[in-house]
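Here's the letter readout for the chains.
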Amino acid sequence: MGAGKESTVTKKLKDNLLDLAASQCVKFPANFVDYIPRKWEKHGDLIVFPSTAFQEDFWDNFDKETLWREIARSLNVKRLARQDKIQSNDYRSPNVSMLLGSDPWALHIDNKIRYTFNITKCMFSSGNITEKMRMAKVTCAGETVVDLFAGSSVIK
């Protein structure tokens, strides 16, 4: 996407949020489009937004359930969540809050490999593409393959 161009998805989300604001008599700041996230993780019918998404005070003027439903409709998903900072525990656990829906189980398909995981307990990494491509070629029809990679970090 070139500089200054707006993606179709971002435009649809912006337009739908403007319509919702008008229907709920909510006034946006002039630069509200700067506060609409442009990046997120999509796992099947679930989107996980970054920690900064929809945190500005003016979003509190909306009926939250209606706001989340409109955002989900605009992005063609059924569930929404927000990722916060990784917890400072021995497992570096994710800190995810469901915004719309209650089922934290996600399905992510990457290179014909189906990953199922609980977003409140596990994190998905799009890295290590070479290994994922190798595993996509392994014949394992009818079998369950478990990815047991445990990330590493230095804990001080």
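For every chain, the first residue of the written sequence is number 1, and numbering continues from 1 onward in sequence order. For a predicted model such as this one, the threshold for reporting local features is a pLDDT of at least 70, and the threshold for listing and counting side-chain atom pairs is 80 or more; totals across whole chains, interfaces and linings nevertheless cover every residue. Computation of side-chain values: all heavy atoms of the structure, hydrogens and water removed.

Trainee: Is there a simple way to explain the pattern of salt bridges in this structure?
Mentor: Side chains that differ in sign of charge can pair as their charged atoms come close. Salt bridges are defined as contacts in which a side-chain nitrogen from Lys or Arg sits within 4 Å of a carboxyl oxygen from Asp or Glu. Scanning the entire structure with this criterion turns up five salt bridges. Of the charged contacts, one joins Asp 45 and Arg 79 as a salt bridge, the two residues approaching to 2.7 Å between their closest N and O atoms. In this pair, Asp 45 sits in the loop between β1 (41-43) and β2 (46-49) while Arg 79 sits in strand β3 (residues 79-83), placing the two residues 34 residues apart along the sequence. Only protein chains enter the accessibility calculation, which uses a 1.4 Å probe; a residue is then buried when its area is under 20% of its type maximum, exposed when over 50%, and partly exposed in between. What makes Asp 45 partly exposed here is its relative accessible area of 29%. Per the convention used, a helix needs a DSSP run of H or I reaching at least four residues, while a strand needs a run of E reaching at least two, with both numbered from the N terminus.

Trainee: I would appreciate a short explanation of the environment of Thr 66 in the present structure.
Mentor: Tracing the sequence through the fold places Thr 66 in helix α2 (residues 64-74). When the C-alpha positions of Thr 66 and Leu 20 are compared, they lie 8.5 Å apart, and in sequence the two are 46 residues distant. Here, residues are in contact when the closest pair of their heavy atoms is within 4.5 Å. Excluding residues that lie within four positions of it along the chain, Thr 66 makes contacts with Leu 20 and Gln 24. Engagement of the side chain of Thr 66 in a polar contact is seen with the side chain of Asp 63, the distance being 2.5 Å. Under the rule applied, a polar contact is a pair of N or O atoms within 3.5 Å (in protein, one hydrogen donor and one hydrogen acceptor; residues adjacent in sequence only if both atoms are side-chain atoms).

Trainee: Hey, could you run me through the nonpolar core in this one?
Mentor: Soluble globular proteins tend to bury their nonpolar side chains together. Buried residues of nine kinds, namely Ala, Val, Leu, Ile, Met, Phe, Trp, Tyr and Cys, make up a nonpolar core once their side-chain atoms join them within 4.5 Å. Leu 17, Phe 49, Ile 71 and Leu 80 are the most contacted members of the largest nonpolar core, which totals 24 residues. Secondary structure elements with two or more residues in this core: α1 (8-23), β2, α2 and β4 (96-100). For Leu 80, the contacting residues outside a window of four places in its chain are Leu 46, Ile 47, Phe 49, Trp 68, Ile 71, Ala 72, Ser 97, Met 98, Leu 99 and Leu 100. Core analysis: the next-biggest nonpolar cluster, separate from the first, contains 10 residues, Ala 81, Val 96, Ala 106 and Tyr 115 among them.

Trainee: What exactly am I supposed to notice about the sheet that holds β3 here?
Mentor: Pairing is mixed in the open sheet, where four strands are placed in the order β1-β2-β3-β4. The open sheet is flanked by β1 and β4, the only strands paired with a single partner. With strand direction ignored, the average angle separating the axes of adjacent strands in the sheet is 25°. For every element, the axis is a line fit to its C-alpha atoms; helices are fit only across the contacting stretch, and the angle between N-to-C directions ranges from 0 to 180 degrees. Across the face of the sheet, α2 comes into contact with β2, β3 and β4 while running at roughly 90° to β4. Here, strands pair whenever DSSP counts at least two bridges between them.

Trainee: Before we go on, may I ask you to explain the packing of aromatic side chains in this structure?
Mentor: Geometry of an aromatic ring pair is reported as the spacing of the ring centres plus the angle between the planes. Classification of ring pairs uses Phe, Tyr and Trp, with its six-membered ring standing for Trp, and accepts pairs whose centres are within 6.5 Å; under 30 degrees between planes counts as stacked, over 60 as edge-to-face, and the remaining range as tilted. Per the stated rule, a full pass over the model turns up 11 aromatic pairs. With centroids separated by 5.5 Å and ring planes inclined at 70°, the aromatic side chains of Phe 28 and Trp 59 adopt a geometry described as edge-to-face. Of the two residues, Phe 28 sits in the loop between α1 and β1 while Trp 59 sits in the loop between β2 and α2, which places them 31 residues apart along the sequence. For the pair formed by Phe 28 and Trp 59, the shared burial category is buried. With centroids separated by 5.7 Å and ring planes inclined at 65°, the aromatic side chains of Tyr 35 and Phe 58 adopt a geometry described as edge-to-face. Here Tyr 35 is found in the loop between α1 and β1, whereas its partner Phe 58 is found in the loop between β2 and α2, with 23 residues between them in sequence.

Structural measurements only, silent on function.
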